Amino acid sequence: QISINAEKQRNTSHSVRQEARALRNETSCQTKWDEHDNKTRLADRIDDVDKWNESLKRCLSDIDAEIDALTKMKEEAERALEAKNLALDVAIECLTLRESRQAIDVVKDPVENELHKEVEVIEGIKKALQQKISQAFEHLCLLQEARQQLNLDQRNKAEALEIDQVCLSLNLNSPNISLKPNPTRVPPSSTTPQQWDQFSQYNKDRAEAEM
C-alpha cells in the first residue's frame, strides 16, 4: 500500500512538474511575443509622433517668418505715418500763416488751393496707413495666438517623443525597473489617436490659415 501511494505521489509530482514546465515555456513565449509586438507598436507610434513634431516645427518656422515680416511692415507703416504727420503740420502751418494776410491780400489763389489739396491728400494717406497699421496689429495678435498653441503642441510632441524613445530602449536587463501600482490604469484625461491627430491638424491648419 505504501509503495502504491508513493508511486501515485511520484506520478502526480511528475505531472505537476510537466504542467509547470509547459506553462513556463508557454508564458515565456507569450511574453517574448508580447514584448516584440509592443516594441513594434511603440516604434510605429514614435514614427507618428516624430512626423508631427517635425511638421509642427516647420509650421512654427513659417509662422515666425510671417510674424517677423508683418512686424517689419507695421513698423515701416508707423514710420511713414509719423513722416506724414510732420508734412501735414507744415501744410497746415502754411495755411494758418496765410490767413493772417490783411485786406485785399487775402486772396484765394492757386497756392492756397494746392495747400488745401495737399492737406486733403496727406489726411487720406494717413487714414490709409492707420488702417493698415490696425489691420497688421490685429493680424499679429491672431498669428501670436496661433503660434502659442502651435508651440505648446510641438513642445508636448517633443516630450512625448523622448518618453516613447526611452520606453523603446527598455528591456529585461534595464536598470532601475521596479513594480508600479496599477500599471494598466488609463488616465482620465486620455484621448484617442484620432482626437490626438485631429488636435495637431487643427493647430497646423489654423496657423497656416493666418499666414
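The structure this text deals with has already been given above.
Residues numbered from 1 in each chain as written. Predicted model: local features only at pLDDT ≥ 70, side-chain atom pairs only at ≥ 80, totals over all residues. Heavy atoms only, no water.

Asker: Explain the pattern of salt bridges here, please?
Answerer: It is possible for side chains bearing opposite charge to pair when their charged atoms get close. This structure, assessed with the given rule, holds ten salt bridges. The salt bridge involving Lys51 is made with Asp47; its shortest N-O contact spans 3.3 Å. Of this pair, Lys51 and Asp47 both sit in helix H1 (residues 2-98), four residues apart, which is roughly one turn of the helix. A salt bridge links Glu78 to Lys74, with the nearest nitrogen and oxygen atoms 2.8 Å apart. Placement of both Glu78 and Lys74 in helix H1 is noted, with a separation of four residues, approximately one turn of the helix. Classification of Glu78 by relative accessible area gives partly exposed; the value is 32%. (Salt bridge = Lys/Arg side-chain N within 4 Å of Asp/Glu carboxyl O. Helix = DSSP H or I, 4+ residues; strand = E, 2+ residues; numbered from the N terminus. Buried < 20%, exposed > 50% of the residue type's maximum accessible area, 1.4 Å probe, protein only.)

Asker: What is the right way to look at the packing of helix H2 (residues 110-169) against helix H3 (residues 193-210) in this model?
Answerer: When two helices pack together, their arrangement is given by the angle between the helix axes and the distance between those axes. Following both chains from N to C, one finds H2 and H3 inclined at 150°, their axes separated by 9 Å at the closest point. Compared by their axis directions, H2 and H3 come out roughly antiparallel. Helix-helix and strand crossings are classified by hand; for H2 and H3 the assignment is left-handed. Residues His139, Leu142, Leu143, Glu145, Ala146, Gln149, Leu150, Asp153 and Lys157 of H2 lie in contact with H3, whose contacting residues are Trp196, Phe199, Ser200, Asn203, Lys204, Arg206, Ala207 and Glu210. Across the contact of H2 with H3, the residue classes tally to seven nonpolar, four polar and six charged. (Axes fitted to C-alpha atoms, helices over the stretch in contact; angles between N-to-C directions. Parallel < 35°, antiparallel > 145°, perpendicular 65-115°, else oblique. Left-handed = near helix turned anticlockwise from the far one by under 90°. Contact = heavy atoms within 4.5 Å. Nonpolar A, V, L, I, M, F, W, Y, C, P; charged D, E, K, R; others polar.)

Asker: Would you mind going over H3 with me for this structure?
Answerer: Because each turn of an α-helix spans 3.6 residues, side chains separated by three or four positions end up pointing in the same direction. Spanning 18 residues, H3 covers 26 Å between terminal C-alpha atoms, matching the ideal 26 Å at 1.5 Å per step. Of the residues making up H3, those classed as buried are Trp196, Ser200, Asn203, Lys204 and Ala207. Projection of H3 onto a plane perpendicular to its axis shows the buried side chains occupying an angular sector of 90°, all on one side. Those residues of H3 that are exposed and aimed more than 90 degrees away from the buried face are Gln194, Gln198, Tyr202 and Ala209. (Expected span 1.5 Å × (residues − 1). Arc of directions from axis to C-beta.)

Asker: Looking at this structure, I do not really get the environment of Leu56. What am I missing?
Answerer: Here Leu56 shows up in helix H1. For Leu56, a relative accessible area of 0% puts it in the buried group. The spacing of Leu56 and Lys132 is 76 residues in sequence and 29 Å in space, taken between C-alpha atoms. Apart from the residues lying within four places of it in its own chain, the contact partners of Leu56 are Leu150, Asp153, Gln154, Lys157 and Ser200.

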